[in-house]
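Structural overview
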Amino acid sequence: MPGTVVVGTQWGDEGKGKIVDFCAQDADVVVRFNGGSNAGHTVVTGAEVFRFHLIPSGILRPETLNLVGNGVVVDPEVLLAEIEELKERGHPVDNLRVSERAHVVMPYHRTLDGLEEELKGGLKAGTTLRGIGPTFEDKAARIGVRVGDLLDEEALRERLATLVPMKERMIEAYGGQAGLSKEALFETGRDWGDRLQAYVADTSLLLDHALKQGREVLFEAAQGTHLDIDHGIYPFGTSSNAVVGSASVGSGVGVRHLNQVIGVAKAFTSRVGTGPFPSELAGEEASYLRDKSLGEYGTTTGRPRRIGWLDLVMVRFAARVNSLDYLAVTKLDVLGGLDPLRICVAYEHDGETLREFPASMRVFGACRPVYEELAGWEDISEDSWVGAVKRGYDELPGEMRAYLDLLSHETGVPVGLVSVGPAREATLELRGT
Ligand code: IMP
């Protein structure tokens, strides 16, 4: 399959970084196509743990070309820090390229993110404060700065001459203190351009060449379907598209190259930020899952994630809008030791049973979960899980297989990958078996 897309089926943080890194063993190219440094993808190799916000999760495989596509908004400070960290830890980044068409998160975007959140009252999304919304606002308003502008002094100076007074007026109108300097922003932009120059390219063209040569391309989504600007929990989601269609727009290749779609579903649900969450857990069960699981604290913000039972109304919706071929189910090991387990298969709203995800946040906020109860499995060590997956699917606990069967039955999508630990070896591939 030359083009495989990996998307999140929930609210982000499904474990996509690990799945992309795993699938990247067969890929020649990995391309990120949406979001920005609001994302946090964790990749574990041996004893090393990496947390990427912008760099694609295939970067640790030196023979794989890693692209940051035009659909990503790039904060150069974050990108340059990630490049430096990788180099310092002995991982060259010669295999990285960044689209000249990607939009740049400018310092004033971060300022505006904070000011907007303060003014939004009940519409507050609890953003990562990384300037994501304001950068996408400027992109749509056609007043953004693109990565290519950082390499063109004249274009950069001209853009800033127009934009800086506009941004000053906006910041002041929102109650902030502007004090922006055109010259300082120009120098910052030029410095970013100098340091990024070696990586900037027409990434759509690179992809086109790769696809024409029959190379395997992995399209890596950030965030999840339910944070998508069109299909997510508006207005509590993010400002870019996170569903499969955006892989084409955000990387600059046609849809016929998107041959296979893998939806990553964590075995339970989590959420950073505000908004309704019908299967949310409080108390001991939530703390048990949060503390046991590597990273149930926002990778980007460090906030504790809100935790809940697996919600299959959400995953069923994601299966539809992404035309999923397979599910990759992650963090099943984390549920070990909890008994019984619950899975939300529908919502109860106003005396009716809803099986489809509602558009209205007022309706969603009043939904009660309808659960199926299942027996749990034992809590065992990561080494034992690695041993179990090596022996094959039938060696997984029967209760876990029943859990996966219900997931697959309720969503109509086969389970193609099972992950029972952060390590690459703790992964069982069922695709094509
Ligand atoms: P923003 O993307 O920073 O504007 O944040 C909007 C909402 O999306 C907030 O609720 C964030 O917590 C959430 N969000 C954005 N990116 C991610 C992610 O990668 N994982 C989980 N939540 C995210």
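As the structure is a computational prediction, the values presented were derived from the model and not from experiment. (Residues numbered from 1 in each chain as written. Predicted model: local features only at pLDDT ≥ 70, side-chain atom pairs only at ≥ 80, totals over all residues. Heavy atoms only, no water.)

With respect to the pairing of strand 19 (residues 415–419)
The condition that has to hold: Categorising residues by exposure relies on relative accessible area from a 1.4 Å probe, with only protein chains included: less than 20% of the type maximum marks a residue as buried, more than 50% marks it as exposed, and the intermediate range marks it as partly exposed. For the purposes of this entry, the term helix denotes a DSSP run of H or I that reaches at least four residues, the term strand denotes a run of E that reaches at least two, and both are numbered from the N terminus. We call two strands paired when DSSP finds no fewer than two bridges between them.
Among the five residues of strand 19, five are classified as buried, and the element is accordingly described as predominantly covered. Bridge count between strand 15 (residues 326–330) and strand 19: three bridges; the pairing is parallel. Each bridged residue has a counterpart across the sheet, and for Leu327 the counterpart in strand 19 is Val415. Where strand 19 lies against strand 20 (residues 427–429), three bridges are found, and the strand directions are antiparallel. For Ser419, the partnering residue across the bridge sits in strand 20 and is Thr427.

Quick word on the domain arrangement of the protein chain
For clarity, the cut-off: Each domain's limits were defined by an automated method or a database of domain assignments. Any two residues whose heavy atoms approach within 4.5 Å are treated as being in contact. Defined here as a combined quantity, buried area equals the accessible surface (1.4 Å probe) lost by two parts on assembly, summed across both. Put simply, a salt bridge is a Lys or Arg side-chain nitrogen that is within 4 Å of an Asp or Glu carboxyl oxygen.
Per the domain assignment, the segments of the protein chain are domain 1 (1–98 + 202–433) and domain 2 (103–196). Contact with domain 1, which involves 29 residues of that partner, is made by 22 residues of domain 2. Buried area between domain 1 and domain 2, both sides added, is near 2,000 Å², and the carbon and sulfur share of it is 62%. Contact with domain 2 buries area across many residues of domain 1, yet Val73, Pro76 and Leu80 alone supply 27% of it, more than any other trio. Seen at the junction of domain 1 and domain 2, the total is one salt bridge.

Details of the pattern of salt bridges
Taken as a whole, this structure holds 24 salt bridges when the rule is applied. The closest approach of N and O atoms between Arg195 and Asp191, which form a salt bridge, is 3.0 Å. Within this pair, Arg195 and its partner Asp191 are both found in helix 6 (residues 182–196), separated by four residues, close to a single helical turn. Among the ionic pairs, Arg391 bridges to Glu395, the shortest N-O distance being 3.7 Å. Given a relative accessible area of 56%, Arg391 falls into the exposed group. Residues joined by salt bridges that share partners form a network here, namely Asp21, Arg61 and Arg424.

Looking at the sheet that holds strand 15
Rules: Angles run from 0 to 180 degrees between N-to-C directions of axes, and those axes are lines fitted to C-alpha atoms, restricted for helices to the stretch in contact.
Within the open sheet, the ten strands sit side by side as 9-7-5-2-10-1-11-15-19-20. Their pairing is mixed. Every interior strand has two partners, whereas the edge strands, strand 9 (200–201) and strand 20, have only one. With three bridges connecting them, strand 5 (residues 65–68) and strand 7 (residues 96–99) associate as parallel partners. Along strand 7, the bridge assignment pairs Asn66 with Leu96. Along the sheet, helix 13 (residues 398–411) contacts strand 15 and strand 19; its crossing angle with strand 15, the most-contacted strand, is approximately 145°.

Quick word on helix 10 (residues 312–322)
To be explicit about the condition: What qualifies as a polar contact is a pair of N or O atoms within 3.5 Å, subject to a donor-acceptor requirement within protein and to the restriction that residues adjacent in sequence count only when both atoms come from side chains.
In terms of residue burial, helix 10 counts as a mostly covered element, since nine of its eleven residues are buried. Those residues of helix 10 lying buried are Leu312, Val313, Met314, Val315, Arg316, Phe317, Ala318, Ala319 and Asn322. Between the side-chain oxygen of the N-cap and the backbone nitrogen of Val313 there are 2.9 Å, and the N-cap of helix 10 in question is Asp311. Count one or two residues on from helix 10 and you reach Ser323, which has phi positive near 45°.

Comments concerning the site of the ligand
Spelled out, the test is: When at least one non-hydrogen atom of a residue lies within 4 Å of a molecule or strand, that residue is treated as near it. Computed by Shrake-Rupley with a 1.4 Å probe, the accessible areas treat only the displayed protein chains as cover when residues are assessed.
The immediate surroundings of the ligand are formed by 17 residues, with Asp13, Asn38, Ala125, Thr128 and Thr238 found nearest. A distance of 2.8 Å is found between an oxygen atom of the ligand and a backbone nitrogen or oxygen belonging to Ala125. Within the contact set of the ligand, an oxygen atom lies 2.6 Å away from a side-chain nitrogen or oxygen of Thr128. Here the ligand has 470 Å² of accessible area as a free molecule, and 97% of this is covered by the chains.

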